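Architecture and fold: a report
Here are the chains, one letter per residue:
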Amino acid sequence: MTTSGSWPDQPDLRGWLALLAERGDLRRLPGPVSGDQEVAAVLASCDGASAVFFDDVEGAAFPLIGNTVALRHHFALALGCPDHDVVRRLGEAMATPAPLVEVPLRDAPVAAVEENGGDLLSDLPLPVQHEHDGGRYITSALVCARDPRTGLTNLSINRLQVSGPRELRALLLPGRLRQIFDAHEAQGEDLPVALVIGVDPILTLASQAPAEADSDDLGIASALHPRPLEVVRLPGHPTPVPARAELVLLGHLRAGRRAQEGPFGEYPRTYGPGGPAPVLELTRRFRRAQPIVQTILSGGREHFWVGGLPREARLMTALARAGVNAVGVRLTEAGSCRMHAVVSLRNAQPGVAFHAAMALFAALAPLKQVVLVDDDVDVFDDEQVGWAVATRFQADTDLLVVPRTRGGGLDPSAGPGGVTAKLAIDATVGAAARGEYAEMRSAVSDPQRLQSLLDQLVPALDA
Ligand SMILES: Cc1cc2nc3c(=O)[nH]c(=O)nc-3n(C[C@H](O)[C@H](O)[C@H](O)COP(=O)(O)O)c2cc1C
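Digging into the overall build of the protein
Tallying secondary structure elements over the protein gives 12 helices and 23 strands in all. Summarising its shape, the C-alpha atoms of the protein cover approximately 70 × 60 × 45 Å along the three principal directions. A buried classification covers 49% of the 463 residues belonging to the protein. For the protein, the proportion of contacts with a sequence separation of at least 24, taken over those separated by at least 6, is 68%.

Now the structure itself:
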């Protein structure tokens, strides 16, 4: 395994892996491993703990990396900011994308090798992730397409089922890629796409910018990177692509063609159904000499956070637009960073919590439960949030149920068309009443005095 360069000088997957290795957050499996669920089982066992580099996935010519972001803190590390600043940085970049730097083809690491036609998929480590999945999937590719309305580049991640040596089937849920594809198809035109595989976590995050942010997703990544993003124009594709990616597959989503895709284990950690899906035919492959292929474990924490953090940024923007003074927002891991949120409010006046909840529900369809707390409660501490609900909430007055609204589509408990009820729990009391509801404490005025007492503690057997 080579991990040349170091973050942030080389904002690419290899630089990122070098940084993870330095921190002890990257583990390596040298021995042979089957792509048929073994890779995914190892990734699931290391979920939330470390990235895993697989040297030898049976039948594959190249190595594989998974769990490239294994901790929420890794995003702060990638962005070079404190943990609490990640969502604000994302919101700023989504509002203000930065220019790109175009490098010539000969200087782009991703264009070291060009392969035309032939079998473009069989030598790649593309695992079967779950027991009842429809087959092998690409789960990390940034689908890069030109929006004809704006000329800007859209990035998205779409599950891509392998259905032949040059053929994939793509799940396109409602979003900008779907709109772009529909517009092409209405004209009887295929949509050219580039599948960009093996990138740093900032690029992956930028791919999750919400559809209404009508901006250049590569520009969002550029604004978040320590230096402007290097891109390259590959022959035969209309958008620039990240020059330091590991591998790019070029092809077309075919107009008027559908074929069976799925089922596939999805973010709620249940199976998403199969059905007819657009067909993607590949024509060319560009890659580094020894590319590191990337997989994202579907339903793992990387999947949760990569999709969840830009959505947290979207929720903060929605609250600001609704005139709500929110301090913290978290889409919880228990709710797959899509379905459950905790939001802390500063000095919430009567009615503000439910006002905030409605703004949140409208901003994010899959969101079905919001707990609103005061700003003395840490939204990242489940025990504190549970305490606030236990001591500041009454179900007859502080509960709001909104029936029959639009949900996320993959929630197995939702009705036909994803229609779902939404629940808001108002566990705020506002600053005026805080004294009455404050958490009791044992007051030791000098924290150093307490620390010196703690330092004197010894195991009882040695006392
Ligand atoms: C790991 C992962 C897998 C995803 N799979 C899909 C998918 O199969 N289909 C889909 O439409 N969206 C999927 N998404 C969500 C989209 O990538 C995301 O909503 C994106 O912002 C959509 O972009 P668009 O509105 O520009 O098309 C996935 C997200 C992640 C992080």
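So much for the structure itself; the text now carries on.
Focus: the packing of helix H4 (residues 86–95) against helix H7 (residues 217–224)
With their axes 8 Å apart at the nearest point, H4 and H7 run at an angle of 135° to one another. Put simply, H4 runs oblique to H7. As for the relative orientation of H4 and H7, their crossing is right-handed in sense. Taken together, the residues of H7 that come into contact with H4 (itself represented by Arg89, Ala93 and Met94) are Ile220, Ala223 and Leu224. Considered class by class, the residues forming the contact of H4 with H7 number 5 nonpolar, no polar and 1 charged.

So, the sheet that holds strand S23 (residues 419–427)
Taking strand neighbours across the sheet as the criterion, the 5 strands line up as S19-S20-S21-S23-S22 in an open arrangement whose pairing is mixed. What marks the edges here is a single partner per strand, and that holds for strand S19 (326–331) and strand S22 (399–406). For this sheet the average axis-to-axis angle between neighbouring strands, irrespective of direction, equals 15°. Sheet topology places strand S20 (residues 340–345) next to strand S21 (residues 369–374); 6 bridges connect them, and they run parallel. Bridge pairing in S21 links Val343 to Leu372. Taken strand by strand, helix H8 (residues 301–321) contacts S19 and S20, and its axis lies near 145° from that of S19.

Describing the sheet that holds strand S4 (residues 101–102)
On the basis of which strands lie adjacent, the open sheet formed by 3 strands has the order S4-S12-S13 and mixed pairing. Strands with a single pairing partner mark the edges of an open sheet, and in this sheet they are S4 and strand S13 (240–242). In this sheet, strand S12 (residues 230–233) lies alongside S4 in parallel orientation, the contact comprising 2 bridges. Its bridge partner being in S12, Glu102 is matched across the sheet by Val231.

Remarks on the nonpolar core
When a protein is soluble and globular, its nonpolar side chains tend to lie buried together. Ranked by size, the top nonpolar core spans 130 residues in total, and within it Leu195, Val196, Val248, Val343, Ala356, Leu360 and Leu372 carry the most contacts. There are two domains that each give this core at least three residues, and those are domain 1 (98–114 + 137–288) and domain 2 (302–428). Not counting residues within four places of it along the chain, the set of residues in contact with Leu360 comprises Leu315, Ala318, Ala341, Val343, Leu367 and Val370.

Digging into the site of the ligand
Every one of the 18 residues lining the ligand counts as a neighbour, but Ser156, Arg159, Leu173, Gly175 and Arg176 are closest to it. Those elements giving two or more residues to the shell around the ligand turn out to be strand S8 (153–157), helix H5 (176–186) and H8. Looking at side-chain class alone, the shell around the ligand contains 8 nonpolar, 8 polar and 2 charged residues. Viewed by domain, the shell around the ligand spans two of them, domain 1 (98–114 + 137–288) and domain 2 (302–428), each represented by three or more residues.

Points about H8
End to end, H8 covers 29 Å across 21 residues, agreeing with the expected 30 Å (1.5 Å per residue, within 8%). If you look at H8, its biggest bend is around 30°, right at Gly308, and the proline Pro310 turns up within four residues after that. Of all 21 residues making up H8, 18 are buried, and the element is well covered by its neighbours. Gly323 sits one or two positions beyond H8 and adopts a positive phi of about 75°.

A short note on the pairing of strand S9 (residues 160–164)
In terms of strand pairing, strand S6 (residues 137–138) meets S9 through 2 bridges, oriented antiparallel. Paired with Ile138 across the bridge in S9 is Leu160. Alignment of S9 against strand S10 (residues 167–170), held across 4 bridges, turns out to be antiparallel. Bridge pairing in S10 places Gly164 opposite Glu167. With antiparallel pairing between neighbouring strands as the criterion, S9 and S10 make up a hairpin whose turn holds 2 residues.

Comments concerning the environment of Ala313
Locating Ala313 in the fold gives a position in helix H8. In this structure Ala313 comes out as buried when scored by C-beta crowding, with 26 C-beta atoms within 10 Å. Along the backbone, Ala313 and Met94 are 219 residues apart, and their C-alpha atoms lie at a distance of 8.8 Å. Setting aside its immediate chain neighbours within four residues, Ala313 contacts Val87, Leu90, Gly91 and Met94.

Digging into the domain arrangement of the protein
Accessible area lost when the parts come together is the quantity often used to give the size of an interface. According to the domain assignment, the protein consists of domain 1 (98–114 + 137–288) and domain 2 (302–428). Contacts between the two partners involve 12 residues from domain 1, matched on the other side by 13 residues from domain 2. When grouped by side-chain class, the residues that make up the side of domain 1 that touches domain 2 number 6 nonpolar, 4 polar and 2 charged.

A word on the environment of Thr270
Following the sequence through the fold, Thr270 ends up in the loop between strand S15 (264–265) and strand S16 (271–272). Using a count of 14 C-beta atoms within 10 Å as the deciding quantity, one classes Thr270 as partly exposed. Linking Thr270 and Ala76, residues 194 residues apart in sequence, is a C-alpha distance of 29 Å.

Details of the packing of H8 against helix H9 (residues 352–363)
If you want to describe how two helices pack, look at the angle between their axes and the distance between the axes. As a packed pair, H8 and H9 sit with axes 9 Å apart at the nearest point and diverge in direction by 135°. As judged from the angle between their axes, H8 and H9 are oblique. Crossing of H8 over H9 shows right-handed handedness. Seen from H8, the contacting residues are Arg314, Leu315, Ala318 and Leu319; seen from H9, they are Ala356, Ala359, Leu360 and Ala363. A per-class count over the contact of H8 with H9 returns 7 nonpolar, no polar and 1 charged.

Rules and cut-offs
- Chains are numbered independently. Their residues run from 1 in the order of the written sequence.
- Restriction of local features to residues with pLDDT of at least 70 applies here, the model being predicted, together with a cutoff of 80 or more for giving and counting side-chain atom pairs; totals for whole chains, interfaces and linings are based on all residues.
- Working definition: helices are DSSP H or I runs of at least four residues, strands are E runs of at least two. Numbering for both runs from the N terminus.
- Here exposure depends only on C-beta density: within 10 Å of a residue's C-beta, 20 or more other C-beta atoms make it buried, 12 or fewer make it exposed, and intermediate numbers make it partly exposed, the C-beta atoms being placed from the backbone.
- Contact between residues is assigned whenever the C-beta positions, reconstructed from backbone atoms, fall within 7 Å.
- Only the stretch in contact is used when fitting a helix axis, every axis being a line fitted to C-alpha atoms; angles between N-to-C directions are given from 0 to 180 degrees.
- Roughly parallel means an angle under 35 degrees; roughly antiparallel means over 145; roughly perpendicular covers 65 to 115; every other angle is labelled oblique.
- For any pair of crossing helices, the crossing counts as left-handed if the nearer helix is rotated counterclockwise from the farther one by less than a right angle, and right-handed if it is rotated clockwise.
- Asp, Glu, Lys and Arg are counted as charged, while Ala, Val, Leu, Ile, Met, Phe, Trp, Tyr, Cys and Pro are counted as nonpolar; the rest, among them Gly, fall into the polar class.
- The criterion for strand pairing is that DSSP finds at least two bridges linking the strands in question.
- Note on definitions: a nonpolar core is a set of buried residues drawn from Ala, Val, Leu, Ile, Met, Phe, Trp, Tyr and Cys, linked by C-beta atoms within 7 Å.
- For the domain bounds, the source is a domain assignment made automatically or taken from a database.
- Any residue whose backbone-placed C-beta atom lies within 6 Å of a molecule or strand is treated as near that molecule or strand.
- Expected helix span is computed as 1.5 Å times (number of residues minus one).
- The seven residues ending at a residue and the seven starting there each receive a fitted axis; the angle between those axes is the bend at that residue.

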